[in-house]
Structures are given as structure tokens and as C-alpha cells.
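A closer look at the structure
The residues making up each chain are set out below.
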Amino acid sequence: MKLKIRSLHMENFKGIKSLDVNFSNKTSIKGQNAAGKTTIFDAFTWLLFNKNSAGEEKFNVRPLNEGIRVDNVEIKVSAILDVDGKEVELSKTQKQNWVKKRGTDTAVLQGNVNSFEIDGYPKSEADFKAYVSELAQSEEMFKMLTNPQYFSSLKWKDQRDILMKLVSEVSDVELAQTDAKYAPLLSELEKAPSTDDIRAKFSKALNEWKKKQAEIPVRIDEAMKSKVDIDVAEQELAKTDLETKIADIDAKIKDSDGVMMELGREEMQLQFDMSGIMQIMNRDLTNRRSEIEAELRDLQNEIKRFADTIALKERRVSENETVISNADSERKRLGEEYNAETAKAFDEFPYLFDESKWVFDENSTVCSLCGQKLPEDKIEQLKADFESRKRKAKSDAEEKLKSEKIRFDTEKRTALNRLVDIGTERKNLITKLRDENAKAKEEIKSLKEQEQEDIAKKEKLCQQLSSIPEIADYLHNEEYVGLKARHDEILAEIERMNANGEDVAVEALNHEKKELQERLYDVNKIIAKASMNVEIDERISELQTEQKEIGQKVADQEHILYLLEEFIRFKLNKVSESINSHFKTVKFKLFDMQLNGGMKDCCECTVGGVPYSSLNSGHKIVAGLDIIRSLSELYGVSAPIFVDNAESLTSEQTMRSQLILLIAKKPQYMDEHGEVHDIDDNYDPTIHKLVYDGSLKVEGV
């Protein structure tokens with residue numbers, strides 16, 4: 001759709017009593033400040049949207065006379081538009097609604113009433129708005145296509161959302177398939193709603209694997225410390241040696257006495273069986289201790305995590321309390337500033353007209369050369385000129401007073417609004433942080449309760465661990481007790497046989513054998529205790545294997561996150577290239593690189609690498625026109641572009657859309673010869689007279 005303004009008619013709109021403006025494809029409207037250039041733009045937007053060109057719905061439409069509202073006059077704005085080659089006339093009239101109260105003759109203003117017409121046919125406000133909505137598609141889009149400064153005034157996120165419409169629809173999966181190195185990401189990109197969700201998933205997994213990775217060395221160290229420092233090979237050699245010696249003695253005893261030998265063999269077998277039971281019972285104790293110690297380690301780690309989380313949340317609560325206190329203090333200070341600003345009053349004295357300084361000089365009626373009184377008509381002319389200058393000076397003073405009062409009220413309102421906005425922001429911050437602290441305190445309370453439960457479990461496990469003896473009580477094993485009883489019987493029988501007169505040599509052999517058996521018993525106890533080292537070594541080996549597997553898991557998560565960041569950077573570069581290809585002058589920066597290597601979304605307009613905020617007025621307009629050019633192509637809509645402060649442009653601008661340049665004229669002065677010039681180095685305020693030209697000059701191209 002292509003929309004142009006052919007003409008605009010205004011009556012009693014703001015400071016303009018009556019004005020007709022005809023527009024061409026490129027129109028220049030020139031005038032000094034306050035001559036009404038922006039008022040023309042305001043009239044057009046008021047007609048369409050009931051707002052001024054700045055988007056404000058509450059603004060003073062009615063004319064003022066020396067600062068006083070002018071009542072009982074109609075305000076009218078009408079425009080002839082060219083819509084795709086077809087002309088249509090829109091008109092809007094505002095009247096005051098005066099109502100007499102019952103029982104009185106006094107009329108009271110009850111607001112304003114607007115009436116609307118399309119091509120001369122009366123329309124309801126709803127029908128008029130519906131037609132304008134269809135014509136302009138949306139008020140937001142119309143602002144973007146008619147005001148070069150509007151797009152850059154939007155929040156960066158809104159700018160970014162609009163620019164993203166310029167990018168052709170390509171899914172993350174399709175983009176990743178263009179480079180083989182992103183193949184590991186494809187399955188995740190197909191399932192995940194966004195890359196942020198993928199980052200969150202693998203960051204969480206990475207943190208969990210790193211926690212497990214940090215725990216493994218501690219568990220290996222604890223297992224190493226639980227090993228017994230015994231040379232098992234040496235003990236096995238000693239055991240073999242003792243068994244050989246006992247066997248030799250048994251052989252000797254057998255040669256001397258077959259019965260004694262048989263008893264000796266049975267006694268030896270009983271020793272072996274008892275030793276096996278001892279090993280099994282001690283191994284059971286060690287296993288029980290290991291299980292409880294593993295539970296204690298897990299509990300200790302969990303208690304530490306609770307303590308760390310509680311400390312973190314308490315620190316966050318403390319930090320929030322500090323911010324709340326500072327924000328509350330700032331709100332009080334803002335309140336004081338608001339009261340002080342409210343109390344400010346406009347000082348009219350410097351701008352009042354001083355009648356005492358304007359007294360006609362009677363000496364001017366006498367000729368300075370001959371001393372005679374000037375002719376009456378000349379004197380009357382002098383007095384008339386004096387009165388004219390006096391009226392002009394008074395009018396200028398009143399205009400200055402009015403202008404300064406408006407400026408004072410505007411600055412005061414801006415300051416108050418700023419203080420209210422900051423105060424509201426601080427109030428919202430305080431409310432948010434207080435809610436966060438309340439939630440955090442509940443979480444801290446819950447965490448402390450869980451921490452105390454774990455501490456109680458830990459104490460119970462410690463008691464269980466301390467109740468487990470180092471060496472098993474073999475007398476609680478029925479099989480061991482039975483073997484021990486039989487062993488004692490055999491020893492008693494051997495002693496009885498020796499007491500009945502066995503050979504002294506056999507007795508000596510039995511004595512030697514007993515000593516060897518006692519030593520063998522001690523060696524078997526040591527071997528039984530040391531046998532647990534094998535199981536501990538197996539556990540350590542399992543932990544080391546687990547450590548390698550976890551290390552690989554950590555590396556896998558880190559690799560995916562690295563690839564994801566590379567893909568996001570690749571994607572954003574592609575998006576940036578696609579978006580910037582639509583513009584001739586401006587380029588948009590869509591992300592910032594962080595110190596940690598990550599990226600942060602942004603949207604910043606630049607010209608030649610210079611940020612929009614640092615451009616001069618002319619370059620900002622050029623940038624805005626370039627943006628409008630691309631958005632017009634995107635939406636398929638061409639609308640009149642109003643360029644305020646167009647005097648700052650130093651080069652010719654060519655647009656497909658209708659261009660309306662609002663140009664501020666420089667102040668002028670009249671020299672001693674009556675010629676008018678722009679203010680320059682020759683201007684002398686003591687000699688020359690300023691020329692105030694309140695007219696507007698419309699030039700079409």
C-alpha cells in the first residue's frame with residue numbers, strides 16, 4: 001500500500017488559527033522556532049490517532065491567548081490522502097460541550113465532542129477508527145514508517161523482534177546441518193524448544209558430574225587409609241614354615257606312638273577349621289564397617305552441601321537487606337526532592353514589561369539642528385512609531401513570559417515524572433527483594449531441618465560403627481565353639497596320655513608342637529585381618545574406573561556446551577548478515593561478547609561503526625530514513641515521512657516514500673539600510689533590529 005498526503009487544512013489547532021498546506025512528493029516546510037512546523041505533524045497524527053507526533057494523547061490542542069485557553073471556537077483538521085492512487089478526504093472537528101446546571105444560567109464545560117467525516121460523509125468514531133486502522137494497518141507501524149527517530153527510541157528487545165522478521169525462516173536443525181562439526185547437536189536441537197534449554201540441560205549435568213568427580217578422590221583416599229600395612233607374603237611363608245615343622249613333629253610322634261599321631265592330626269585339622277571361621281567372622285565385621293563408613297561419607301557430603309546452600313542463601317538475604325535499606329533511603333530522598341520540586345514557583349518578575357521605561361521623549365519633537373519644534377504631522381508620526389515600538393516590546397515581553405512559563409512548567413513536570421518513575425522503580429525493587437527474602441528464609445528453615453535430620457542420622461551411624469569390635473567374638477559362633485570344645489578334649493587326652501608315662505621325647509615334641517601351633521594361630525589371625533586388603537584394593541580399582549568414566553562424562557558435557565556456544569555464535573553471525581543485508585547505511589549489532597567467552601543479546605544501531613547514540617543529528621536522521629526504507633519493504637507499506645530538524649541534513653535524501661522536511665530557519669536581523677540578513681558576525685544588537693518572522697514557507701519539489 002502507498003499512502004501520500006495531498007493537502008492538510010487546520011483551523012484553531014494549537015497556535016495556528018488557519019492554515020492550508022499542499023504537499024508534493026518532497027516538501028520542505030521552513031520557519032523559525034515556534035512557527036508551527038511540528039504543529040503540522042501533530043495535526044496529522046491527531047486527525048488519525050488522537051495523539052501528537054510524540055505519541056502523547058494528553059496534549060493541548062486548543063489555542064491559547066496569552067496563556068489562557070480560547071473557548072467557543074471549533075478545532076478542525078482535514079486531510080486529502082492519496083491511497084494507492086485513489087484520493088480520500090478525512091476530517092475531524094472538536095467542539096466544547098457547555099452544559100447549564102439546573103436552576104442556574106451558568107454554563108459549565110463538560111468536556112469535548114469530536115465529529116468525523118470521510119469524503120464528506122459523517123461517520124461514528126468507531127467507524128472512523130476502523131477505517132484508519134485498515135488504512136494504517138497499526139498505529140505502531142505507522143509511527144515507525146513516518147518518524148525517522150521512532151524506531152531507535154524503542155527498547156532494544158522490541159527493535160530486535162522487529163528486525164528478526166527480516167530473516168528468512170531457517171530452523172536451528174537446518175542451520176546445524178550445513179556444518180558437519182555440529183552433528184553432535186542435531187538430536188538435541190530436534191527435541192529442545194531453544195538453545196537456552198539445551199545450555200541449561202547440559203550445564204546442570206556438567207555440575208552434577210563435577211560434584212561426583214570431586215568426591216571420588218576423597219573416597220579413594222579413605223579406602224587407602226583403611227588398608228592394613230602387613231606383608232602378607234611374608235606371613236604366608238611363615239605359615240607354611242610352621243605347618244611344615246608341625247607336620248614333621250607329627251611324623252616323629254607317629255613313629256613313636258600311632259595314637260598320639262592320630263590325635264595330633266585331628267588337633268591340626270581343628271586348628272585349620274577354627275582359623276577359617278575366624279577369617280569369615282572378621283571379614284563380616286570389616287564389611288559392616290565399610291558399609292557404615294560409606295553411608296557416613298554420603299551423609300557428610302550431603303550435610304556439607306546443606307551448609308553451603310544455607311550460607312549462600314543467608315548471604316543473599318543479607319545482600320538483599322542492604323539493597324532494600326539503600327533503596328528505602330533513596331525513596332525518602334526522592335520524596336524530599338519531589339516536595340522541593342513541587343514547591344518551586346515560576347518567577348515572573350524578570351519577564352514583566354516595565355511601563356516606566358517606555359515614556360515618550362518630548363525632546364525628540366524639537367529639531368536637533370535648528371531648535372524649532374517639528375511639524376505636528378511629524379510629531380504625530382514619531383509618537384505613533386513610539387507607540388508601535390512600545391506595543392511590540394510589550395508583546396515581545398508577554399510572549400517571552402508565556403514561553404518561559406511553558407518551559408518552566410515542562411521542566412518541572414519532567415523532573416516530577418522522573419522522580420516518580422525512579423521512586424516507583426525502587427518501590428518495586430524493594431517489594432521484589434522482600435518477597436525473595438521471605439521465600440529464601442522459608443527455604444533456609446527447610447534446609448536446616450533436613451541438615452539436622454542428617455546430623456542425627458550421622459550420630460546414629462557413628463554409634464553403630466563404634467559398637468563393631470576390631471576382632472570378632474568367636475565364642476558367639478556355635479560351630480567355632482563346637483570345634484574349640486573338641487580341640488580342648490584332644491589336648492586334654494594328649495596331656496592325659498603323657499601323664500600316664502609316654503616317652504619324654506614325645507612329650508618334648510608335643511610341647512614344641514604346642515608352641516608352634518600357638519605361633520601358627522597368631523599368624524592365621526594376622527593373615528585373616530590382612531585378607532581384607534584384597535577387597536579394599538578391588539574397591540579402589542572400581543573407584544578408579546568410575547573416576548575415568550566420570551571424567552569422560554565431564555568432558556562430554558563440556559564439549560557439547562562448547563559446540564553449542566560455537567553454534568549460537570555461528571547462528572547469530574548468519575542472522576546479523578541476513579538482517580544487515582537489508583540496509584544500505586546502518587548496521588545492527590545483535591550480540592556482545594562477554595569476558596568469559598559467552599554472548600549477551602543486544603540490539604544497537606551503528607553507522608560506520610559509530611553507535612546511534614553518538615551520532616550527530618544529521619546522521620541520526622539518515623540512519624532513521626535507511627531503517628524506514630527497509631521496514632517499508634518488509635511491511636509493503638509506504639507512508640509520508642516527517643523529518644523534524646531537517647536543517648541538520650547536509651546531503652540530498654532520496655526516498656520512495658513521500659518526504660516532508662521540517663526545517664528551522666535561522667534568526668534574521670535588519671541592517672541600517674533596511675536589508676534583512678541571517679545572524680552573522682556583522683550583527684550588532686545595539687544597532688540592528690531582530691526580525692521575528694512567524695510565517696511558514698512551504699516548498700515542493
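Residues numbered from 1 in each chain as written. Predicted model: local features only at pLDDT ≥ 70, side-chain atom pairs only at ≥ 80, totals over all residues. Heavy atoms only, no water.

Digging into the packing of helix H8 (residues 195-225) against helix H14 (residues 532-580)
Closest axis-to-axis distance for the H8/H14 pair is 8 Å, and the angle between their directions is 160 degrees. Between H8 and H14, the angle is such that the two are roughly antiparallel. Remark: the crossing between H8 and H14 carries left-handed chirality. Taken together, the residues of the contact of H8 with H14 break down into 20 nonpolar, 7 polar and 9 charged. (Axes fitted to C-alpha atoms, helices over the stretch in contact; angles between N-to-C directions. Helix = DSSP H or I, 4+ residues; strand = E, 2+ residues; numbered from the N terminus. Parallel < 35°, antiparallel > 145°, perpendicular 65-115°, else oblique. Left-handed = near helix turned anticlockwise from the far one by under 90°. Nonpolar A, V, L, I, M, F, W, Y, C, P; charged D, E, K, R; others polar.)

Some remarks on the packing of aromatic side chains
Note on aromatic pairs: each is described by the distance of the centres and the angle between the planes. For the structure on display, the rule yields 13 aromatic pairs. Their ring planes at 35 degrees and their centres at 5.7 Å tell us that Phe44 and Phe642 sit as a pair that is tilted. Taken together, the positions of Phe44 in helix H1 (residues 37-49) and Phe642 in strand E13 (residues 641-643) put the pair 598 residues apart, joining distant regions of the chain. Accessibility expressed as a relative area gives 1% for Phe44, which makes it buried. Relative to Phe570, the ring of Tyr182 has its centre 5.6 Å away and its plane inclined at 35 degrees; by these criteria the two rings are tilted. Taken together, the residues Tyr182 in the loop between helix H6 (172-176) and helix H7 (186-191) and Phe570 in helix H14 connect sequence positions 388 residues apart. Overall, the relative accessible area of 2% leaves Tyr182 in the buried class. Through pairs of rings, three or more aromatic residues link up here, namely Phe41, Phe44, Phe49, Phe142 and Phe642. Note that Lys92 overlies the ring of Trp46, its terminal NZ or CZ placed 4.1 Å from the centroid. Here Lys212 stacks its cationic end above the ring of Trp209, 4.6 Å away from the centre of that ring. (Phe/Tyr/Trp six-rings, centres within 6.5 Å; stacked < 30°, edge-to-face > 60°. Buried < 20%, exposed > 50% of the residue type's maximum accessible area, 1.4 Å probe, protein only. Lys NZ or Arg CZ within 6 Å of the ring centre and 35° of its normal.)

Here's the deal with the pattern of salt bridges
Applying the stated criterion across every chain yields a total of 36 salt bridges. For Glu341, the salt bridge identified is with Lys344, shortest N-O distance 3.1 Å. In this structure Glu341 comes out as buried when scored by relative accessible area, which is 14%. The class for Lys344 is partly exposed, based on a relative accessible area of 43%. Residues Arg539 and Glu542 are paired through a salt bridge, measuring 3.2 Å at the closest nitrogen-oxygen approach. Placement of the pair is Arg539 and Glu542 together in helix H14, with a separation of 3 residues, close to one helical turn. We classify Arg539 as partly exposed; its relative accessible area is 32%. Judged by relative accessible area, which is 47%, Glu542 ranks as partly exposed. (Salt bridge = Lys/Arg side-chain N within 4 Å of Asp/Glu carboxyl O.)

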